[in-house]
Amino acid sequence: MKKRTMIAVLAYTALSLGALLVIFPFYLTVVSSLKDMSDIFSNFFGLPKRMVYDNFLYVLKRPDYFIALKNSAVITGISVAAMVFFLPMCSYAISRRRFHSKFYNFLYFFMVAGIFIPFQVKMLPMVKLMSQLELLNRWGAILLYIANSTCEGIFLMVGYLSSMPEDLEEAAYIDGASTNQVFYKIVRPIMKPIISTVVIKNSLWIWNDYFMPSLVLNQSNLNRTLTLYQYSFRTENSTNFTIVFAVMLLSILPIFIVYCLFQKKIVAGMMEGAVKG
């Protein structure tokens, strides 16, 4: 009994520390965005002495903020839409053929191996390739996001499809259905949980990513995403922290709300795609 109590105490302690590590940065972002500069330097971790909403009004009045917002939305939306269109089809073909074809079996393990390649290894070749193709712009970033999400997306979807019985598909083929009809009318509707998982997971990554846009997008106002836009309030000698935190809060709120609404689907889809497969 004492051993179980000790394990429970250790588990709750670890969970509390994890929650603190997640909540504390968000707390700092909120309270810092509501302060003025003097309040930040004198009382960085404490609550604001006086609520200052001018930081948000200043950001929302700037046209370059909405340009950055549009760029983030376009890159995230097109990248995720392409994933929704291509990845289920590729995963279905690999899932149903990899035990009967050496090519599809090799293709599956080739994709799985791609998960373990660090981004730092691929970074310079990708940037050089995009430069040679003259794609150091939004379209280049979209192509790279699609490419970098393919390996993990196929791994999750193939694992999910492997747990699905093939009886419905075989019955549809017997009734004269084509492969396209089987996929779009039977398989794809059943794949909605894992598709939702891939969509939300990659949306969070693309929307909040700084590294890829900093490598691929040039620093002009027409190409910057929200993560790059924050650095427009930084100079060689000073940084307007109140505005930076206000931009951060305005940037993370939309995707944070989406994550809170769909977090159960993320957990369910990850479990079924990675464990059952």
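A. Looking closely at the environment of Glu170. Counting through the fold element by element, Glu170 comes out in helix α8 (residues 167-174). For the pair formed by Glu170 and Val182, sequence separation is 12 residues and the distance between their alpha carbons is 9.1 Å.

B. Fine view of the pattern of salt bridges. Taken as a whole and judged by the stated rule, the model has four salt bridges. The partner of Arg62 in a salt bridge is Asp64, with the nearest N and O atoms 2.7 Å apart. Judged by its relative accessible area of 22%, Arg62 falls in the partly exposed class. Put simply, Lys201 and Glu152 hold a salt bridge, and the shortest N to O gap is 3.0 Å. Of the two residues, Lys201 sits in helix α10 (residues 192-208) while Glu152 sits in helix α7 (residues 138-162), which places them 49 residues apart along the sequence.

C. Structural detail: the side chain of Thr150. Checked against the element boundaries, Thr150 lands in helix α7. Relative accessible area serves as the criterion here: at 17%, Thr150 is assigned to the buried category. Excluding residues within four positions of it along the chain, Thr150 makes contact with Leu87 and Met111.

D. Structural detail: the nonpolar core. Counting 37 residues, the largest nonpolar core has Ile75, Met157, Val187, Met191 and Ile194 as the members making the most contacts within it. Of all elements in the fold, only α4 (63-97), α5 (102-114), α6 (119-132), α7, α9 (179-190), α10 and α11 (211-216) reach the threshold of two or more residues within this core. Considering every element that reaches this core, the biggest residue donor is α7, with 11 residues. Ranked by size, the runner-up nonpolar core spans 15 residues in total, among them Leu226, Phe233, Ala246 and Val247.

E. Looking closely at a nonpolar patch on the surface. Taken together, Phe26, Leu253, Phe256, Ile257 and Leu261 make up a surface patch of nonpolar side chains, about 460 Å² in accessible area. Counting residues per element, the nonpolar patch draws most heavily on helix α13 (residues 241-276), which supplies four residues. Counting through the fold element by element, Phe256 comes out in helix α13.

F. Geometry of the packing of aromatic side chains. Taken as a whole, this structure holds 13 aromatic pairs when the rule is applied. Centroid distance Phe24 to Phe45: 6.1 Å. Interplanar angle 15 degrees. Geometry classified as stacked. Of this pair, Phe24 sits in helix α1 (residues 2-33) while Phe45 sits in the loop between α2 (37-42) and α3 (54-60), and the two are 21 residues apart along the sequence. Connected via pairs of aromatic rings, a cluster forms that spans Phe24, Tyr27 and Phe45.

G. Inspection of the environment of Gly140 at higher detail. Looking at the secondary structure, you find Gly140 in helix α7. On the basis of relative accessible area, Gly140 is assigned to the buried category, the value being 0%. Residues Gly140 and Val216, 76 residues apart in the sequence, show an inter-C-alpha distance of 7.0 Å. Aside from chain neighbours lying at most four places away, what touches Gly140 is Met130, Leu135 and Val216.

Cut-offs used in this document
Residues numbered from 1 in each chain as written. Predicted model: local features only at pLDDT ≥ 70, side-chain atom pairs only at ≥ 80, totals over all residues. Heavy atoms only, no water. Helix = DSSP H or I, 4+ residues; strand = E, 2+ residues; numbered from the N terminus. Salt bridge = Lys/Arg side-chain N within 4 Å of Asp/Glu carboxyl O. Buried < 20%, exposed > 50% of the residue type's maximum accessible area, 1.4 Å probe, protein only. Contact = heavy atoms within 4.5 Å. Core = buried A, V, L, I, M, F, W, Y, C linked by side-chain atoms within 4.5 Å. Patch = residues over 30% accessible without salt bridge, like charges linked within 9 Å, V, L, I, M, F, W, Y side chains within 5 Å. Areas by Shrake-Rupley, 256 points an atom, 1.4 Å probe, with all protein chains shown as cover. Phe/Tyr/Trp six-rings, centres within 6.5 Å; stacked < 30°, edge-to-face > 60°.

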